[in-house]
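# Inside the fold
Okay, here's what each chain looks like letter by letter:
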Amino acid sequence: MDTSLAPFRLVAAALLAQRGRLFLWVPVMLAAGIGIYFQLRWEPGLAHFAAAAGAAAVLGLVAWRRGGAWAPLPGAAALVLAGICLAGARAHIVAAPVLDFRYYGPVEGRVVALDRSVSDAPRVTLDRVVLSRVETAELPGRVRVALHGAAAEDPPGPGLRVMVTAHLSPPAGPVEPGGFDFQRNAWFAGLGAVGYARTPMLAIAPAAGGPAQAILALRMRLAAALRAEMPGQAGAIAAAILVGDRSGVSRAVLEDLRASNLAHLLAISGLHMGLLTGLVFGAVRAGVALVPRLALRVSGKKLAAAAALPAGLAYLVLSGASVATERAFVMAAVVLGAVLLDRRALTLRAVAVAAVIVLCLRPESLVGPGFQMSFAATTALVMVFGAIRDATQARRRAGRPARLPRWARWPVGVLISSAVAGAATAPVGAFHFNQMSHYGLIANLASVPVMGALVMPAAVAGLLLWPLGLAGPAFAAMAAGIDWILGVAHHVAGFEGAVRQVVTPPGAVLPLLAGGALVLTLWRGPARITGGAAILAAAALWIGAERPLVLVSDDGRLVGVMGTQGRALNRERGAGFVALSWLENDGDPALQAVAAARTRPELRGIGFVTGRAEAGAVDAACRAHALVIAPEADAGAAACQVIDRETLRRLGAVAIRPGPDGPRITGARQVTGARLWTR
């Protein structure tokens, strides 16, 4: 026997053992290709995409024609290449002009969205934009303007054509190397400029017609009716749940919901879509069962699925069709479609189908927390409840009684689902939001049943009765449920140690965690232990994560130096978003003013020159230090390495870490590279 072929036989046997589960890896391979595209530091050209598409076609043909044990390998490579092409095609399809300078002057456009900024200011999104002295071909497709001062007192209505004097600028890059890339998000959202206004917006034309504007106007009317029927934050939460309007939700309530791990109740996602379609499904099926002659002639289950599907679509449209809601509808549609086709609905295959559809429609969603948390929770829930179902069926076949009495199954199911979903999404939430809620399970156990048993049924009844003017009692019941949830959130958020801040880990941590978890749960055979090794490696990287010694913002206004007390900032006001992001990434709950009061440590070999200093001050600092940080100066030719305004214009935000040969400087633009969305 030829022992040199033994490794190949082992690999072939391992691949053959995956038969029947290979489709589950299709979205994983697509996601790998999409992730590769977004990690590139250069933009592939048409020739690159053509070569990738051709190679994908050839590899796919080889996998299909050859078959056998080795077919999954060329098939997987084809899917990875297809993912790269999908992401690239999407990035070019959404391409639109981006403002390439700071603009101040009149801004004219049509109101297409209303929300609130991070600083809790009203914010409007405009399309059909007109800017003075800007050619039509260079006009951004959409701009977003935060309203401050007098402008915030009377926000415009949806669909109106308005004019305002505003400050606009291109979407900003990451606040630090490897940080959240707002430029990329803005590119895929079609935002070509962002800014603010302090003067009131003037309506210059009434709301235009058209289906989109009619739907937006209907949503805003319903939001206003909800806030009128439910005073206080209950109405604001109801508007967020039903029509996606979060403009009335206060900052304090948002912080309570986040601290108690209940913020997911605000985003119209899988929970809400599942509750609504499940409610319609259950009501229709029960109605069919109550009519014996009808129940004998039609499939109540299929009729219920056929009714729940358009109900979910209506909810998608009414809620504003956000990315999260679109993803939730796709998942619900796959489940209901399985019912119509006499397939088992809640399976990993159904989850994989939904993931493939979402990745094909919006490949950019892969890198956002919504997609990651949604599919992590769904996959974990399907696996756990599938195992429980199989165990229960095995007990029944063996003639043994069920472990739980019927009355206990629902509360135990809620407990299991909350614990499983929380455990599956906790690492993803900590990675993106730098915090973990210690009492989230308690809050969800006390709130999610109320959402399912009271809030959503009352919401459906209220929506049906609202055109008749009879929605008052339903909305009152909905308000009672929301008040309970807000009370739980406030109470749990007040627990000592309710939230733990965590340090942002290296970028490799999340792919390692996700890949390890997928191998550990989906792979058959001894090789699945490599998934556990990947998870341990990710945990080790996270535990050993080190933050930059010095951070400098891209405009030079903010400098942060890490010391024994935490990061010391040079400003107690201004650049608030940058300061907040740095401190959150440090795992530091301090406010900017507190961080600014800290003593900045002396750093060996690094000097600081503050203010708009002359070159002489920089030269003087260079005589004592190998590196001088003078972010508001133009150093020119200096005797040492200098981070000045020109350096920041070239590199963007800068991070400095100690290295074996002295301080190591990394710029945000070095990490993001030259991509379609970078400027």
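These remarks concern the structure in this document. Here the structure is a predicted model, which is why all the values come from computation and not from measurement.

So, on to unusual backbone geometry. Even without glycine at this site, Asp-342 takes up a positive phi of about 60°. Of note, Ala-575 is a non-glycine position whose phi angle comes to about 50°, a positive value. On the accessibility criterion, Ala-575 (17% relative accessible area) is buried.

Here Arg-500 shows up in strand E8 (residues 499-501). It is 40 Å that separates the C-alpha atoms of Arg-500 and Ala-621, two residues lying 121 residues apart in sequence. If we skip the residues at most four places from it in the chain, Arg-500 touches Asn-434, Gln-435, Met-436 and His-438.

Right, let's talk about the side chain of Gln-592 for a bit. Mapped onto the elements of the fold, Gln-592 is located in helix H21 (residues 592-596). A distance of 3.2 Å separates a polar atom in the side chain of Gln-592 from the backbone oxygen of Arg-571. Dropping the residues within four chain positions of it, Gln-592 is found in contact with Leu-558, Leu-569, Arg-571, Glu-572, Arg-573, Gly-574, Ala-575, Gly-576, Ala-579 and Leu-583.

Quick look at the packing of aromatic side chains now. Taken as a whole and judged by the stated rule, the model has 10 aromatic pairs. A centroid spacing of 6.1 Å and a plane angle of 40° characterise the contact between Phe-38 and Trp-677, whose relative ring orientation is tilted. With Phe-38 in helix H2 (residues 26-39) and Trp-677 in the segment after helix H24 (668-672), this pair connects stretches of sequence that are 639 residues apart. For the ring pair Tyr-439 and Phe-495, a centre distance of 5.2 Å and an interplane angle of 85° mean the geometry is edge-to-face.

A cluster of nonpolar residues, Leu-290, Val-291, Leu-294, Val-298 and Leu-303, forms a patch on the protein surface that exposes about 420 Å² of accessible area. Checked against the element boundaries, Leu-294 lands in helix H10 (residues 292-295).

What follows covers the sheet that holds strand E16 (residues 664-667). Read across the sheet, five strands follow the order E11-E10-E9-E15-E16 without closing on themselves; strand pairing throughout is antiparallel. Unpaired on one side and paired on the other, strand E11 (566-569) and E16 mark the two borders of the sheet. Shown here is a sheet whose adjacent strand axes are inclined to one another by a mean of 20°, direction ignored. Here strand E9 (residues 550-552) pairs with strand E10 (residues 559-563) via three bridges, running antiparallel. Looking across to E10, one finds that Leu-551 is bridged to Gly-560. Strands in contact with helix H20 (residues 576-585) are E9, E10 and E11; relative to E11, the strand with the most contacts, it is inclined by about 165°.

Analysis parameters
- Residues numbered from 1 in each chain as written.
- Predicted model: local features only at pLDDT ≥ 70, side-chain atom pairs only at ≥ 80, totals over all residues.
- Heavy atoms only, no water.
- Buried < 20%, exposed > 50% of the residue type's maximum accessible area, 1.4 Å probe, protein only.
- Helix = DSSP H or I, 4+ residues; strand = E, 2+ residues; numbered from the N terminus.
- Contact = heavy atoms within 4.5 Å.
- Polar contact = N/O pair within 3.5 Å; in protein donor to acceptor, adjacent residues only side chain to side chain.
- Phe/Tyr/Trp six-rings, centres within 6.5 Å; stacked < 30°, edge-to-face > 60°.
- Patch = residues over 30% accessible without salt bridge, like charges linked within 9 Å, V, L, I, M, F, W, Y side chains within 5 Å.
- Areas by Shrake-Rupley, 256 points an atom, 1.4 Å probe, with all protein chains shown as cover.
- Salt bridge = Lys/Arg side-chain N within 4 Å of Asp/Glu carboxyl O.
- Pairing = 2+ DSSP bridges.
- Axes fitted to C-alpha atoms, helices over the stretch in contact; angles between N-to-C directions.

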